[in-house]
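Chain residues, written in single-letter form:
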2 protein chains.
Amino acid sequence: MYRTHTCGELRQNNAGETVRLAGWVQRTRDLGGMTFLDLRDRYGITQLTFSMDEQPELCKKARKLGREYVIQIEGKVRERSSKNRQIPTGEIEIEVSSITILNASQTPPFTIEEESDGGDELRMKYRYLDLRRPPLRENMILRHKAALATRNYLASLEFMEIETPFLIKSTPEGARDFVVPSRLHSGEFYALPQSPQTFKQLLMVSGYDKYFQIVRCFRDEDLRADRQPEFTQIDCEMSFVTREDVIQTFEGLAKHLVKEIKGIEIGSIPQISYDDAMRYYGCDKPDIRFDMQFVTLQSRKENIQHIQPNHGFKVFEEAEAVIGICVKGAAEYTRKQLDELTDFVKRPQIGANGLIYVRYAADDTFKSSVDKFFNADTLKNWATHFSAQPGDLLLIMAGELDKTRKQLSELRLEMGTRLGLRKKDEFKFLWVLDFPMFEFNEEDNRWYAMHHPFTSPKEQDMAALSSHPESVKANAYDLVLNGSEIAGGSIRIHRREIQEIVFDILGFSRDDAKEKFGFLMNAFEYGAPPHGGIAFGFDRFCALLGGYDSIRDFIAFPKNNAGRDTMIDSPSEIDSNQWDELHIKQNKSNS
Amino acid sequence: MYRTHTCGELRQNNAGETVRLAGWVQRTRDLGGMTFLDLRDRYGITQLTFSMDEQPELCKKARKLGREYVIQIEGKVRERSSKNRQIPTGEIEIEVSSITILNASQTPPFTIEEESDGGDELRMKYRYLDLRRPPLRENMILRHKAALATRNYLASLEFMEIETPFLIKSTPEGARDFVVPSRLHSGEFYALPQSPQTFKQLLMVSGYDKYFQIVRCFRDEDLRADRQPEFTQIDCEMSFVTREDVIQTFEGLAKHLVKEIKGIEIGSIPQISYDDAMRYYGCDKPDIRFDMQFVTLQSRKENIQHIQPNHGFKVFEEAEAVIGICVKGAAEYTRKQLDELTDFVKRPQIGANGLIYVRYAADDTFKSSVDKFFNADTLKNWATHFSAQPGDLLLIMAGELDKTRKQLSELRLEMGTRLGLRKKDEFKFLWVLDFPMFEFNEEDNRWYAMHHPFTSPKEQDMAALSSHPESVKANAYDLVLNGSEIAGGSIRIHRREIQEIVFDILGFSRDDAKEKFGFLMNAFEYGAPPHGGIAFGFDRFCALLGGYDSIRDFIAFPKNNAGRDTMIDSPSEIDSNQWDELHIKQNKSNS
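Residues numbered from 1 in each chain as written. Chains lettered and ligands numbered in written order. Predicted model: local features only at pLDDT ≥ 70, side-chain atom pairs only at ≥ 80, totals over all residues. Heavy atoms only, no water.

*Asks:* Mind laying out the overall build of chain A, listing which residues take part and the relevant values?
*Replies:* Across its full length, chain A carries 15 helices and 24 strands. Taking the principal axes of its C-alpha atoms as reference, chain A extends roughly 95 × 75 × 55 Å. When burial is assessed residue by residue, chain A has 59% of its 591 residues classed as buried. The contacts of chain A with a sequence gap of at least 6 include a subset with a gap of at least 24, amounting to 66%. Carbon and sulfur atoms make up 45% of the accessible area of chain A, which totals about 24100 Å². Across chain A, the centroid of the 78 positively charged side chains sits 4 Å from that of the 91 negatively charged ones. (Helix = DSSP H or I, 4+ residues; strand = E, 2+ residues; numbered from the N terminus. Buried < 20%, exposed > 50% of the residue type's maximum accessible area, 1.4 Å probe, protein only. Contact = heavy atoms within 4.5 Å. Areas by Shrake-Rupley, 256 points an atom, 1.4 Å probe, with all protein chains shown as cover. Lys, Arg positive; Asp, Glu negative; His and termini not counted. Charge placed at Lys NZ, Arg CZ, Asp CG, Glu CD.)

This is the structure:
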């Protein structure tokens, strides 16, 4: 037996016991005739002591141990004279009687502490050392707990976890598939699933009623920051449900996880329509940790006009929409700060032409960048629309409606960040409902499904499906947490004739639809129940619960932005006989 | 809301309630003026009643419903006059007041009952219908429960579930990898994991101490019956452990699962060495639901000679080994039965030259196929070696030691089956220990690792590693259930120099070893703890717990023996632009 206890376990009431511990050397300190060694494992740190007077050989041996050496010791637990209240084992130390070196260690390429001095690239290459650092360990523990809590919660509601295949069929629609050449079937390929969507629908046709799976999914996309080619979903589906049933069930899951992981009770989750989300936040995943809703002064599309005509300010006259936000207590913003904000919205990623401000000073006076065109009364009138108080700052943007909303949304988030309103330890969920069913893509002149092609239109829009696809709302829902989409789902189509109409609108030929999804369409003819579901981005959900922005810190072995695992050096070349067996050769013409 | 209750929920105490149910039409029966309809969902079957006298329109509607129609009904629960004690809802029926057809169904291509009339191929193509059958549903439920119980059990022992990557590196050694061409890195490939072996070892280096994962693994092998290209493992690893620690931990898991799933307490699991398993059962995964151990009458290698010389029976004289089993109470086997057994061992799959029998009749006389060479005294002497009683039958085989053991092992299993000794509801586990470290392959004249290259030799054999690899035992263990290997593992190498010697013996060049496993060898230099682990074949374990021979019945969407999913028709062709993007083209020269 290598150990009688872990390094996080011993307390004052163990004093006097002879114990055996094993772990890593975190650090050693020599203080006069004494040497102190912090021994670390996953569970904690225990202080070991060696006396040069009493056991000179042992003490010398301890002094030679380098950081990250793996050792096993025996010794007696004793109460510390000066206790360390910072750590659970701080009441005791071990008077060591023997040391066994289980393995030596080279000096690690970066420090293995709370904060590391290693750069991203170095830490990725030595991921197995980075994973020793306490923050990453905490993240992995959080993820483990969240997965287990999810499984037990859903199982308690009679959901069954059912594993679906990874070697499936390539049905490119949306993102690119990773494919796997078949050795047994020359020229043919499996594909890795982007999600188990069709399989979970088949399980509903099979009568499994309530399915879930925590499952790896794959997308061969050009990697943006914080995307991974493989990611994990909590994938769920239910039969005989309406949208409200699904929402209630998974609102329960979200609440349960926040309670289990963070110890926080969140109340009922508010709901907003897609249209309102765009109107009040300019985006479909609003961060509602802070308010700062949009106020529309002018929108020709919506017949809103709160700006008196003939003001002579061309920017507004030519604008489809004039929209703003009221930043509470920010009237004192300096010219420099306001210039910074203007620069912020003019960055190419945002692309606005400019920013108008109105300072509503504490003394009830107004100062704005459009004083030339609008008098104090007019500004006061605007302020009323914004429910602004003295001391507030109005930030206003103008242009095309959709673009302006997007730009102002970025500014709103920036102001939230600047004012410290986006707290990592606050958890604000929001359901976004009633998405449009389709988006028209001007480039290839066709409709795309805003969720996916299996999403059902809302019942009342069913009649307009063929004739007015642009007007049709999907029976779909997203769950947003702190401004990130963490889950999305929908009630699905369960009747073949509706699925065929949707495929028609999306420009699939009947042959194409049959080739790719014939099995699902056929299944709909053998008693498919009404069904719907949802999928959570598990990596993202964990990251947000942990207070992190990046999912990479919640994945044990992530890939870099080039889709590469630099630790194992993958992807990599394969042997020539592997090429041959798979009946493929390299096509260098487009490499 | 589609339903107030499921079809498995209503009892006598619900009588009088108005309920709403939804489900599938299992069958309808017209009895005079009444129609009875069995409504089915995952949870059970509820009987609906319609009266032609009272509600003729509704009753007519019910009579038109086909099998597998999906309907929703409302009605009143009432106590049945003739109760069905076979099903939990058999006390009640529903007097229906309205029916809504949620979806129609074509006539299924096979019957959806306990036993189906559909052939394998048809049921694979319509897997979503086959999955409706109660036996498959029970299997999926068992699998779900076993996975959840595993997770909770291991988590309670402080194991953490940590997800490892699916897009890894091809390191062919043993089975073939499935590979995934990289779009971003022309000519390079990811590989799908055959197991997370190296990653779980890295997690031990990272200090995670106790890891597990229920995880999909992939092997591109030529498919034998009951192999799947993708399969699921309960994958586990622990630090600071000896073999005994690992065995104790996972013996606990095995017991827990049998208790949870089958309600059976199994006692302590016996252990046997590999050598003894071969000696007494002729195979490394003995089925110990029945005894029938081998008795060696002659083995030149082992210096065993219980047959008197000069008997003149050439078969024995020329044989390296003569080994037999005693079949209790089978002395009455007829000549025809004995001929069948001889035919059985002579089949090419077994390949024996013949079979010798000795009938030890109830009247204490002997009758054997070698009466010409051996007298009754000699046969009696043999019988003593076998601890045979009057009424028993000895079956004896002769030839090379290893071959004869394998052949006799097949015969032993056959006898166990014939005598009904291999009961599906009996669960006999066995640990097999002390496997040889290496196997020599005559064909390519090299050593192979019997487990895998990361397995540690036993401490006492370490010195002989380079000089006498054939004598070295691995610190490895298999868990066998009812004659199937359900788990295998080992204490791993955790020191670079030992790993290098093993790679040397296996014929890896230093460059090759570095190219493929350099990251692991490097990791060993930064404080790798002693560690070991195990992996359970989860599909097989579930199948055995369920009393099935085939894993296919425990996988929701399995592939056929050609590695094909005939339901979705995969593998399949991909678009030409997918080929182009992946920088590959078809190599028809060896298609």
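*Asks:* Let's hear about the side chain of Arg-492 of chain B: which residues, and what values?
*Replies:* Residues and elements named next belong to chain B. Assignment of secondary structure puts Arg-492 in the loop between strand E22 (484-491) and helix H12 (496-505). Given a relative accessible area of 2%, Arg-492 falls into the buried group. Within the structure, the side chain of Arg-492 is placed 2.8 Å from the side chain of Glu-237, a separation counted as a polar contact. A polar side-chain atom of Arg-492 sits 2.8 Å from a polar atom in the side chain of Ser-490. Discounting chain neighbours no more than four positions away, the residues touching Arg-492 are Gln-197, Lys-200, Gln-201, Cys-236, Glu-237, His-452, Phe-454, Ser-456, His-531, Gly-532, Gly-533 and Ile-534. (Polar contact = N/O pair within 3.5 Å; in protein donor to acceptor, adjacent residues only side chain to side chain.)

*Asks:* Any details on the domain arrangement of chain A? Residues and values, ideally.
*Replies:* For chain A, the assigned domains read domain 1 (12-103), domain 2 (137-271 + 430-554) and domain 3 (290-422). Look at where the C-alpha atoms of domain 2 of chain A and domain 3 of chain A centre, and you get two points 38 Å apart. (Domains from an automatic or database assignment.)

*Asks:* A description of the sheet that holds strand E2 (residues 34-41) of chain A should follow, citing residues and the corresponding values.
*Replies:* Residues and elements named next belong to chain A. Around the barrel, which closes on itself, the five strands sit in the order E1-E2-E3-E5-E4 with mixed pairing between neighbours. Each strand axis lies, on average, 55° off the axis of its neighbour in the sheet, ignoring direction. Here strand E3 (residues 44-51) pairs with strand E5 (residues 92-103) via two bridges, running parallel. Residue pairing in the sheet places Leu-48 in a bridge with Ile-94 of E5. The strands touched by helix H1 (residues 56-63) within the sheet are strand E1 (18-31), E2, E3 and E5, with E5 carrying the most contacts at an inclination of about 65°. (Pairing = 2+ DSSP bridges. Axes fitted to C-alpha atoms, helices over the stretch in contact; angles between N-to-C directions.)

*Asks:* Outline the pairing of E1 of chain A, listing residues and values.
*Replies:* Residue and element names in this part refer to chain A. Looking at chain direction, E1 and strand E4 (residues 70-79) are connected through seven bridges and run antiparallel. Residue pairing across strands places Trp-24 opposite Val-70, the latter belonging to E4. With seven bridges connecting them, E1 and E2 associate as antiparallel partners. Bridging across to E2, Arg-27 finds its partner in Asp-38. If you look at the hairpin formed by E1 and E2, you'll find two residues sitting between the two strands, and Gly-32 has a positive phi there, around 55°.

*Asks:* Break down the relation of the copies chain B and chain A for me, citing the residues and quoting the values.
*Replies:* Note that the two copies of the chain are related through a rotation about an axis and a translation along the same axis. Under the fitted operation, chain B is carried onto chain A by 0.0 Å of movement along the axis and a turn of 180°, and the coordinates agree to an RMSD of 0.1 Å. Interpreted geometrically, this transformation is the action of a two-fold axis. When you check the interface residues of chain B against chain A, 100% turn up at the interface there too, and the contact is symmetric in its surfaces. (Least-squares fit on C-alpha atoms with pLDDT ≥ 70 in both.)

*Asks:* So what's going on with helix H7 (residues 274-281) of chain A? Which residues, and what values?
*Replies:* Residues and elements named next belong to chain A. Those residues of H7 that fall on the buried side of the exposure criterion are Tyr-274, Ala-277, Met-278 and Tyr-281. What you see down the axis of H7 is that its buried residues fit within an arc of 105°, all on one side. On the buried face of H7, the contacting elements are strand E11 (271-273), helix H11 (401-418) and strand E18 (429-433). (Arc of directions from axis to C-beta.)

*Asks:* Tell me about the packing of aromatic side chains, and please be specific about residues and values.
*Replies:* The geometry of two aromatic rings is summed up by the distance between their centres and the angle between their planes. One pass over the full model with this rule turns up 61 aromatic pairs over all chains. Note on Phe-166 of chain A and Phe-166 of chain B: the rings are 4.8 Å apart at their centroids and 5° apart in plane angle, and the pair reads as stacked. Of this pair, Phe-166 of chain A sits in the loop between strand E6 (160-161) and strand E7 (179-181) while Phe-166 of chain B sits in the loop between strand E6 (160-161) and strand E7 (179-181), placing the two residues on different chains. Here the aromatic rings of Trp-579 of chain A and Phe-189 of chain B are separated by 4.9 Å at their centres, their planes lie at 85°, and the arrangement is edge-to-face. (Phe/Tyr/Trp six-rings, centres within 6.5 Å; stacked < 30°, edge-to-face > 60°.)

*Asks:* Describe the sheet that holds strand E1 (residues 18-31) of chain B, naming the residues involved and giving the relevant values.
*Replies:* Residues and elements named next belong to chain B. Ordered in space as E1-E2-E3-E5-E4, the five strands form a closed barrel in which the pairing is mixed. Adjacent strand axes in the sheet meet at a mean angle of 55°, parallel and antiparallel pairs treated alike. When strand E2 (residues 34-41) meets strand E3 (residues 44-51), the two strands line up antiparallel, connected through eight bridges. Residue pairing for E3: Asp-41 is matched across the bridge by Gly-44.

*Asks:* Go over the interface of chain B and chain A with me, naming the residues and quoting the values.
*Replies:* Facing the 128 residues of chain B at the interface are 128 residues of chain A. Here chain B and chain A share 16 salt bridges between them. We note a salt bridge from Arg-151 of chain A to Glu-161 of chain B, for which the minimum N-O separation is 3.6 Å. For the interface between chain B and chain A, the tally reads 76 residue pairs in polar contact (both at pLDDT 80 or more). (Salt bridge = Lys/Arg side-chain N within 4 Å of Asp/Glu carboxyl O.)

*Asks:* Give me the lowdown on the packing of helix H4 (residues 134-156) of chain A against helix H14 (residues 538-545) of chain A, citing residues and values where you can.
*Replies:* Residue and element names in this part refer to chain A. Contact geometry for H4 and H14: axes closest at 10 Å, N-to-C directions at 120°. Taken together, the axes of H4 and H14 are oblique relative to one another. Two packed elements cross with a definite hand, and for H4 against H14 that hand is right-handed. Facing H4, whose interface residues are Leu-142, Arg-143, Ala-146 and Ala-147, H14 presents Phe-538, Asp-539, Cys-542 and Leu-545. Taken together, the residues of the contact of H4 with H14 break down into six nonpolar, no polar and two charged. (Parallel < 35°, antiparallel > 145°, perpendicular 65-115°, else oblique. Left-handed = near helix turned anticlockwise from the far one by under 90°. Nonpolar A, V, L, I, M, F, W, Y, C, P; charged D, E, K, R; others polar.)

*Asks:* Before we move on, can you summarise the environment of Asn-381 of chain A with the specific residues and values?
*Replies:* Residue and element names in this part refer to chain A. Tracing the sequence through the fold places Asn-381 in helix H10 (residues 376-385). Sequence-wise, Asn-381 and His-306 are 75 residues apart; in three dimensions their C-alpha atoms are separated by 8.8 Å. With residues near it in sequence (within four places) discarded, Asn-381 still touches His-306 and Gln-308.

*Asks:* Can you break down the pairing of E2 of chain A residue by residue, with the values?
*Replies:* For E2 of chain A, the tally of buried residues reaches seven of eight residues, placing the bulk of the element in the interior. Hairpin remark: E2 of chain A followed by E3 of chain A, antiparallel, with two residues in the connecting loop.

*Asks:* With reference to specific residues and values, describe the environment of Leu-481 of chain B.
*Replies:* Residues and elements named next belong to chain B. Relative to the helices and strands, Leu-481 resides in strand E21 (residues 476-481). Between the C-alpha atom of Leu-481 and that of Ala-383, which follows or precedes it by 98 residues, the distance is 30 Å. What Leu-481 contacts, discounting residues up to four positions off in sequence, is Phe-427, Lys-428, Phe-429, Ile-486, Phe-541 and Leu-544.

*Asks:* Go over unusual backbone geometry, please, and point to the residues and values.
*Replies:* Residues and elements named next belong to chain A. For the bond from Ser-570 to Pro-571, the omega torsion is 0°, close enough to zero to count as cis. Relative to the assigned elements, Pro-571 resides in the loop between H14 and helix H15 (576-581). The phi angle at Asp-434 is positive, at roughly 55°, despite the residue not being glycine. With respect to the element layout, Asp-434 can be found in the loop between E18 and strand E19 (438-441). On the accessibility criterion, Asp-434 (18% relative accessible area) is buried.

*Asks:* How would you summarise the pattern of salt bridges if you had to cite specific residues and measurements?
*Replies:* Side chains that carry opposite charge are capable of pairing whenever their charged atoms lie near each other. Counting across every chain of the model gives 121 salt bridges over all chains. Salt-bridge contacts for Arg-422 of chain A lead to Asp-287 of chain A; the nearest nitrogen and oxygen are separated by 2.8 Å. You can see Arg-422 of chain A sitting in the loop between H11 and E18 and its partner Asp-287 of chain A sitting in the loop between H7 and strand E12 (295-299), a full 135 residues away along the chain. The exposure class assigned to Arg-422 of chain A is partly exposed, which follows from its relative accessible area of 29%. By relative accessible area, which is 1% here, Asp-287 of chain A ends up buried. Here Arg-492 of chain B and Glu-237 of chain B are joined by a salt bridge, their closest N and O atoms 2.8 Å apart. Residue Arg-492 of chain B is found in the loop between E22 and H12, and its partner Glu-237 of chain B is found in strand E10 (residues 230-239); the two are separated by 255 residues along the sequence. Here the two residues Arg-492 of chain B and Glu-237 of chain B agree in accessibility, since each one is buried. Through salt bridges with shared partners, a single network forms among Arg-143, Arg-216, Glu-230, Asp-539 and Lys-559 of chain A together with Glu-163 of chain B.

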